[in-house]
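Secondary and tertiary structure notes
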Amino acid sequence: MPVQASSVESPVSLSITQRPRRLRRTGTLRRLVRENTLGVEDLIYPLFVTEGQDLEQEVPSMPGCYRYSLDRLLEEVRTVWQLGIGAIALFPLIDDHKKDNGGTESYNPQGLIPRAIRAIKETCPDIIVIADVALDPYSSEGHDGIVANGQILNDETVAVLVKQALMQAEAGADFVAPSDMMDGRIGAIRRALDAEGWINVGILAYSAKYASAYYGPFRDALDSAPKFGDKKTYQMDGANGREALKEVALDICEGADMVMVKPALAYLDVICRIRSHTNLPVVAYNVSGEYAMVKAAAARGWIDEKKVVRETLISMKRAGADLILTYFAKDIAQQLHTKRIEF
């Protein structure tokens with residue numbers, strides 16, 4: 001029942017010069033003074049690719065995300081390009097019989113990823129293709145590096161990563177994205193790319209990648225979980241923030257074109273620190289575990305998925321991210337395409 005004016009008590013006497021609520025009065029006004037926005041140009045869409053024909057296998061722990069055979073992958077690429085998504089990141093599911101400790105399949109010029117890159121560039125030449133550089137999808141041990149006596153070898157791994165990056169550049173990748181966290185790999189890859197004439201192939205460095213429990217669904221999608229131990233000797237300690245600045249500074253000195261924080265949601269403070277530390281584009285990876293939690297809660301009716309996703313992604317922009325790599329990219333692009341997005 002509406003409150004009658006006569007029943008409203010007289011306001012206390014206030015001397016207010018600034019009334020912040022004036023700028024929140026209507027939706028149009030709120031949009032006018034909004035500090036951060038989320039646009040389709042801010043999004044990078046991760047895609048899983050697998051061998052086979054006419055395959056679209058949903059990842060059980062990531063509802064709405066699929067492993068695509070190459071023919072179906074091309075259909076998805078066309079769809080998201082039409083929605084305005086300008087960049088995709090590729091991740092492969094490799095057959096077990098092609099995996100070994102040296103990750104040799106990672107630099108096979110006829111392997112799954114180079115074939116996918118070439119096909120995508122033939123189908124949609126202007127879309128930006130970002131290729132993951134790491135050994136874990138190709139490793140029989142499930143680690144990002146070569147294993148010897150239970151240890152992850154750094155320099156020997158970097159030599160393989162260089163071969164992988166060169167193969168991806170040859171196939172047509174716009175960016176190579178080392179996600180392994182081996183020391184010195186950005187410089188080694190940059191020097192090799194330049195020496196081979198790939199001066200326009202960029203490097204998106206996973207500069208602050210933490211040893212996180214949020215990666216579980218991704219490892220399910222690619223069957224890439226480590227066969228022993230964990231990744232804490234090369235991925236960062238979740239308790240550290242200042243160390244991220246050191247990692248970023250090293251990658252910038254070695255030739256990175258963009259730097260990434262992974263995961264994003266539990267590390268917004270790190271994104272903020274890095275934003276104030278560099279003028280390079282900063283990328284936030286809204287990882288599989290973050291995606292899966294939202295999907296699980298939404299499926300139970302506990303949250304409004306669209307509103308939570310938008311609030312989550314804008315928090316990453318507010319923290320300082322220029323770009324967001326997110327499994328929600330297609331959903332957001334569809335909402336933007338139909339002008340239905342609102343905060």
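Use the structure listed above.
The text that follows walks through the structure, step by step, so that each part is easy to find. (Residues numbered from 1 in each chain as written. Predicted model: local features only at pLDDT ≥ 70, side-chain atom pairs only at ≥ 80, totals over all residues. Heavy atoms only, no water.)

Observations concerning the side chain of aspartate 180
- Along the polypeptide, aspartate 180 turns up in the loop between strand S8 (175–178) and helix H5 (185–195).
- Assessed through its relative accessible area of 0%, aspartate 180 is described here as buried.
- Of note is the side chain of aspartate 180, whose polar atom sits 3.1 Å from the side chain of arginine 185.
- Those residues within four positions of aspartate 180 in sequence are excluded, and the remaining contacts are Val133, Ala134, Asp144, Leu161, Arg185 and Tyr234. (Helix = DSSP H or I, 4+ residues; strand = E, 2+ residues; numbered from the N terminus. Buried < 20%, exposed > 50% of the residue type's maximum accessible area, 1.4 Å probe, protein only. Polar contact = N/O pair within 3.5 Å; in protein donor to acceptor, adjacent residues only side chain to side chain. Contact = heavy atoms within 4.5 Å.)

A closer look at unusual backbone geometry
- Residue proline 263 is bonded to the preceding lysine 262 through a cis peptide linkage, with omega at -5°.
- Note that proline 263 resides in the loop between strand S10 (258–262) and helix H8 (268–277).
- With a phi close to 55°, aspartate 54 is a non-glycine residue in the positive phi region.
- Mapping aspartate 54 onto the fold places it in the loop between strand S1 (43–50) and strand S2 (56–59).
- With phi around 70°, methionine 181 is a residue other than glycine that occupies positive phi space.
- One can find methionine 181 in the loop between S8 and H5.
- Take methionine 181: its relative accessible area is 5%, and that puts it in the buried class.

A short note on the packing of aromatic side chains
- What the rule picks out here adds up to 10 aromatic pairs.
- Ring centres of tyrosine 291 and phenylalanine 328 lie 4.6 Å apart, and the angle between their planes is 40°; on these two criteria the pair is classed as tilted. Here tyrosine 291, found in helix H9 (residues 288–299), pairs with phenylalanine 328, found in the loop between strand S12 (323–326) and helix H11 (329–337); they are 37 residues apart in sequence, far enough to count as distant. The residues tyrosine 291 and phenylalanine 328 share a single accessibility class, namely buried.
- Here a set of aromatic residues connected by ring pairs shows up, and it is made of Phe48, Phe91, Tyr206, Phe218, Tyr285, Tyr291, Tyr327 and Phe328.
- Positioned above the aromatic ring of tyrosine 215, the side-chain terminus of lysine 209 is 5.8 Å from the ring centre.
- Residue placement shows arginine 300 over the ring face of tryptophan 302; its charged tip is 5.8 Å from the ring centre. (Phe/Tyr/Trp six-rings, centres within 6.5 Å; stacked < 30°, edge-to-face > 60°. Lys NZ or Arg CZ within 6 Å of the ring centre and 35° of its normal.)

Let's talk about H9
- Taking 1.5 Å as the rise per residue, H9 with 12 residues should run 16 Å; its terminal C-alpha atoms sit 16 Å apart, in good agreement.
- If you follow the buried residues of H9, they end up packed against strand S3 (62–69), helix H6 (216–222), strand S11 (282–286), helix H10 (305–319) and H11.
- In the stretch just after H9, glycine 301 is the one whose phi turns positive, near 75°. (Expected span 1.5 Å × (residues − 1).)

Here we look at the nonpolar core
- Formed by 107 residues in total, the largest nonpolar core has its most connected members in Phe48, Leu73, Ile88, Leu90, Ile120, Ile274 and Tyr285.
- Ranked by residues supplied to this core, first place goes to helix H4 (residues 154–171) with seven residues.
- The residues contacting leucine 73, other than those within four sequence positions of it, are Leu47, Phe48, Val49, Tyr68, Leu90, Ala116 and Ile120. (Core = buried A, V, L, I, M, F, W, Y, C linked by side-chain atoms within 4.5 Å.)

As for the pairing of S3
- By the bridge criterion, three bridges tie S1 to S3 in an arrangement that is parallel. Following the sheet pairing, threonine 50 is matched in S3 by serine 69. (Pairing = 2+ DSSP bridges.)

Remarks on empty space enclosed by the protein
- Evaluation of the coordinates by the stated rule reveals two cavities of 30 Å³ or more.
- Volume-wise, the largest cavity comes out at about 120 Å³.
- For the largest cavity, the lining is made up of 16 residues, of which Asp136, Lys209, Tyr215, Phe218 and Lys262 are closest to its centre.
- Those elements that provide at least two residues to the lining of the largest cavity are strand S9 (202–209) and H6.
- Partitioned by chemical class, the residues of the lining of the largest cavity number seven nonpolar, three polar and six charged.
- Looking at the second largest cavity, its volume works out to about 30 Å³.
- In this structure, the second largest cavity is lined by Glu51, Leu93, Ile94, Asp95, Lys98, Glu105 and Leu112.
- Residue composition of the lining of the second largest cavity, grouped by class: three nonpolar, no polar and four charged. (1 Å grid on protein atoms, 1.4 Å probe; cavity = no way out; pocket = protein on both sides within 12 Å on 5 of 7 lines; lining within 4 Å. Points joined across faces, edges and corners; volume = space filled by probe spheres on them. Nonpolar A, V, L, I, M, F, W, Y, C, P; charged D, E, K, R; others polar.)

Take it as geometry only, folks, not as evidence of what the structure does.
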